[in-house]
Amino acid sequence: MRLALYQPEIPQNTGTLLRLGACLGVPLDIIEPCGFPLSDAGLRRAGMDYLERASLTRHQGWEDFLKVCPGRLILMTPHTSHSFLDFIFEKDDTLLLGRESSGVPVTIVQQIQIHLKIPMLPDRRSINVALAGAMVLNEALRQTKLFPSP
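Here is what the cut-offs are and how they apply
- Residues numbered from 1 in each chain as written.
- Predicted model: local features only at pLDDT ≥ 70, side-chain atom pairs only at ≥ 80, totals over all residues.
- Heavy atoms only, no water.
- UniProt positions renumbered as here; feature names shortened; annotations may be inferred.
- 1 Å grid on protein atoms, 1.4 Å probe; cavity = no way out; pocket = protein on both sides within 12 Å on 5 of 7 lines; lining within 4 Å.
- Helix = DSSP H or I, 4+ residues; strand = E, 2+ residues; numbered from the N terminus.
- Buried < 20%, exposed > 50% of the residue type's maximum accessible area, 1.4 Å probe, protein only.
- Contact = heavy atoms within 4.5 Å.
- Points joined across faces, edges and corners; volume = space filled by probe spheres on them.
- Nonpolar A, V, L, I, M, F, W, Y, C, P; charged D, E, K, R; others polar.
- Pairing = 2+ DSSP bridges.
- Right-handed = clockwise from strand over helix to strand, strands pointing away.

## Describing the UniProt feature "binding site: S-adenosyl-L-methionine" (unreviewed entry) in the protein
Move 1: As annotated by UniProt and renumbered to match this structure, "binding site: S-adenosyl-L-methionine" (unreviewed entry) occupies M76, G98, I118 and S126. Taken along the chain, the residues just named run across 51 residues; in space they keep tight, none of their C-alpha pairs more than 14.0 Å apart. The annotated residues named above include G98 as those lining the largest cavity.
Move 2: Mapped onto the elements, M76 comes out in strand β4 (residues 73-76).
Move 3: Residue M76 is classed as buried on the basis of its relative accessible area of 13%.
Move 4: Among all residues touching M76, those that are not within four sequence positions of it are F84, L96, L97, L116, K117, I118 and V136.

Put into structure tokens, the structure is as follows:
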């Protein structure tokens, strides 16, 4: 199981997901360019002392990421009718989260076969990307029994 961030723009969200990955043993892929320097203070604050424990791979762009992406690629997007709650995850899935402002470009959306959403009340646009990643990752780890042993 992996998390991938497509051109993240907010260092605090990236730091939060790096910390989550470090705590749960889930590698994080960052598809650049980022909207901030990866050495940003906000990233360090959100990740706290977990950043050195995180498994982080940086990719220079989408094509570089695709060359090494194992398993199925799953796009998290509000623009689908398929709920993550009705999906059966596999151990080598990669959950892709888009830019905070605009998600992923249509050209990339068209390359990904699996699109899932978090069910929400009507007239709500989206959930914070770090919270969305945590919600879906929780379900994926639960289903695949990949949570770390106590």
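Okay, back to it.
## Examining empty space enclosed by the protein
Move 1: Within this structure, the stated rule accounts for one cavity of 30 Å³ or more.
Move 2: Taken as a whole, the largest cavity holds about 30 Å³ of empty space.
Move 3: As for the largest cavity, its lining consists of L5, P8, N13, T14, L17, L97, G98, E100 and V129.
Move 4: Looking at the lining of the largest cavity element by element, the count peaks at three residues for helix α1 (residues 11-24).
Move 5: Per-class residue counts for the lining of the largest cavity are five nonpolar, three polar and one charged.

## Here we look at the layout of surface pockets
Move 1: Taken as a whole, the largest pocket spans an internal volume of roughly 600 Å³.
Move 2: As for the largest pocket, its lining consists of 28 residues, and the residues nearest its centre are M76, T77, P78, G103 and S126.
Move 3: The element that contributes the greatest number of residues to the lining of the largest pocket is helix α5 (residues 129-144), accounting for three residues.
Move 4: A class-by-class count of the residues in the lining of the largest pocket yields 14 nonpolar, 10 polar and four charged.

## Some points on the pairing of strand β2 (residues 28-31)
Move 1: Burial along β2 is two-sided: L28 and I30 facing one way and D29 and I31 facing the other are all buried.
Move 2: Inspection of the sheet shows strand β1 (residues 2-6) paired to β2 by four bridges, in the parallel sense. When the sheet's bridge partners are listed, L5 is paired in β2 with I30.
Move 3: One crossover worth recording links β1 to the parallel β2 by way of α1, and it is right-handed.
Move 4: One ladder, built from four bridges, connects β2 with strand β3 (residues 56-59); its direction is parallel. Following the sheet pairing, L28 is matched in β3 by L56.

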